[in-house]
Amino acid sequence: RMERPPLFPDRTRTPLYPLVVGGLVATFHHIVAVYIVQILLAAATAVGVFRIGILLFRDARTAGVGTALVVFNPLFFLAPTMVLTETLVLFLFVYAVLGFLLFREDGKIRFLASSAMLFSLATLTRPMLLYFLPVFPSEDCFLLGEMAF
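What you see is a predicted model, and the numbers here were worked out from it, not measured in a lab.

1. Quick look at the overall build of the protein
Thinking step 1. A count of helical and extended segments in the protein gives six helices and zero strands.
Thinking step 2. When the helices and strands of the protein are read in sequence order from the N terminus, they spell out α-α-α-α-α-α.
Thinking step 3. The buried share among the 149 residues of the protein stands at 32%.
Thinking step 4. When the accessible area of the protein is evaluated, it comes to approximately 9900 Å², of which 71% is carbon and sulfur surface.

As structure tokens, this is what we get:
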């Protein structure tokens, strides 16, 4: 890997997270800005998990239990205090799923378009989501509340 200019593209590093971190550090001139944004993203992720729970189960108590399980997970709790991709990719993934579920409920194309955009950004953060995408749109997917049995 090249450490000095001229720098060349590296196929082992995905582009979105270094761009976000670099943009925040260039704008605010301190790495603390990255931590603050990651903490805000983690809080917004918890809200997204709650909304997904409401859409899937139509019960605030069940959605609250699901949100509590996410929030009190040690990895979710500690990840925003480290410069790692987990917080950003989880935020993008949760809101992509939420957008898809809102599309399934309302049929508005803007929800589907935003879901596709967020899935794309999440894939640019960590390509592991490519393994999830072929299963997600299936009519028999558990996330849609329908079972294939």
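2. Considering a nonpolar patch on the surface
Thinking step 1. Judged by side-chain polarity, Ile-31, Val-32, Ile-36, Leu-40 and Val-83 come together as a nonpolar surface patch covering roughly 400 Å² of accessible area.
Thinking step 2. Note that Val-83 resides in the loop between helix 4 (74-78) and helix 5 (86-106).
Thinking step 3. A relative accessible area of 35% places Val-83 in the partly exposed class.

3. Considerations on the pattern of salt bridges
Thinking step 1. A complete count under the given rule lists two salt bridges for this structure.
Thinking step 2. Between Glu-105 and Arg-58 there is a salt bridge; the shortest N-O distance is 2.9 Å. Taken together, the residues Glu-105 in helix 5 and Arg-58 in the loop between helix 2 (32-57) and helix 3 (60-71) connect sequence positions 47 residues apart.
Thinking step 3. The class for Glu-105 is partly exposed, based on a relative accessible area of 41%.
Thinking step 4. Residue classification places Arg-58 among the exposed positions, given a relative accessible area of 57%.

4. Here's the deal with the packing of helix 2 against helix 3
Thinking step 1. The contact between helix 2 and helix 3 brings their axes to 8 Å, and the two run at 145°. Like other packed secondary-structure pairs, helix 2 and helix 3 cross with a definite hand, here right-handed. Two secondary-structure elements touch here, helix 2 through Ala-46, Val-49, Phe-50, Gly-53, Ile-54 and Phe-57 and helix 3 through Ala-60, Thr-62, Ala-63, Gly-64, Gly-66, Thr-67, Val-70 and Val-71.
Thinking step 2. Residue composition of the contact of helix 2 with helix 3, grouped by class: nine nonpolar, five polar and no charged.

5. A closer look at the packing of aromatic side chains
Remark: the centre distance and the inter-plane angle together describe each pair of aromatic rings, the angle taken between the planes.
Thinking step 1. For the structure on display, the rule yields three aromatic pairs.
Thinking step 2. Ring centres of Phe-91 and Tyr-95 lie 5.0 Å apart, and the angle between their planes is 50°; on these two criteria the pair is classed as tilted. Residue Phe-91 and its partner Tyr-95 are both found in helix 5; the two are separated by four residues, about one turn of the helix.
Thinking step 3. Ring geometry for Phe-100 against Phe-103: centres 6.3 Å apart, planes inclined by 45°, an arrangement best described as tilted. Pair noted here: Phe-100 and Phe-103 are both in helix 5, with a separation of three residues, about one helical turn.
Thinking step 4. A cation over a ring is seen here: Arg-110 above Phe-111, with NZ or CZ 4.8 Å from the ring centre.

6. Digging into the nonpolar core
One broad trend across soluble globular proteins is that nonpolar side chains are buried collectively.
Thinking step 1. By size, the foremost hydrophobic cluster in this structure holds 24 residues, and its most contacted members are Ile-52, Leu-88 and Leu-92.
Thinking step 2. If you list the elements that add at least two residues to this core, you get helix 1 (16-28), helix 2, helix 5 and helix 6 (109-125).
Thinking step 3. By residue number, the principal contributor to this core is helix 5, which donates 10 residues.
Thinking step 4. With residues up to four places along the chain from it excluded, the contact list for Leu-88 reads Leu-16, Tyr-17, Val-20, Leu-41 and Thr-125.

7. Structural notes on the packing of helix 5 against helix 6
Thinking step 1. For the pair helix 5 and helix 6, interaxial distance at closest approach is 8 Å and the crossing angle is 160°. Considering their axes alone, helix 5 and helix 6 lie roughly antiparallel with respect to each other. Here helix 5 runs over helix 6; the crossing is left-handed. The segment helix 5 lies against helix 6, with Leu-88, Val-89, Leu-92, Phe-93, Tyr-95, Ala-96, Val-97, Gly-99, Phe-100, Leu-102, Phe-103 and Asp-106 engaging Ile-109, Phe-111, Leu-112, Ser-115, Leu-118, Phe-119, Leu-121, Ala-122 and Thr-125.
Thinking step 2. Here the residues of the contact of helix 5 with helix 6 sort into 17 nonpolar, three polar and one charged.

About the cut-offs
Residues numbered from 1 in each chain as written. Predicted model: local features only at pLDDT ≥ 70, side-chain atom pairs only at ≥ 80, totals over all residues. Heavy atoms only, no water. Helix = DSSP H or I, 4+ residues; strand = E, 2+ residues; numbered from the N terminus. Buried < 20%, exposed > 50% of the residue type's maximum accessible area, 1.4 Å probe, protein only. Areas by Shrake-Rupley, 256 points an atom, 1.4 Å probe, with all protein chains shown as cover. Patch = residues over 30% accessible without salt bridge, like charges linked within 9 Å, V, L, I, M, F, W, Y side chains within 5 Å. Salt bridge = Lys/Arg side-chain N within 4 Å of Asp/Glu carboxyl O. Axes fitted to C-alpha atoms, helices over the stretch in contact; angles between N-to-C directions. Left-handed = near helix turned anticlockwise from the far one by under 90°. Contact = heavy atoms within 4.5 Å. Nonpolar A, V, L, I, M, F, W, Y, C, P; charged D, E, K, R; others polar. Phe/Tyr/Trp six-rings, centres within 6.5 Å; stacked < 30°, edge-to-face > 60°. Lys NZ or Arg CZ within 6 Å of the ring centre and 35° of its normal. Core = buried A, V, L, I, M, F, W, Y, C linked by side-chain atoms within 4.5 Å. Parallel < 35°, antiparallel > 145°, perpendicular 65-115°, else oblique.

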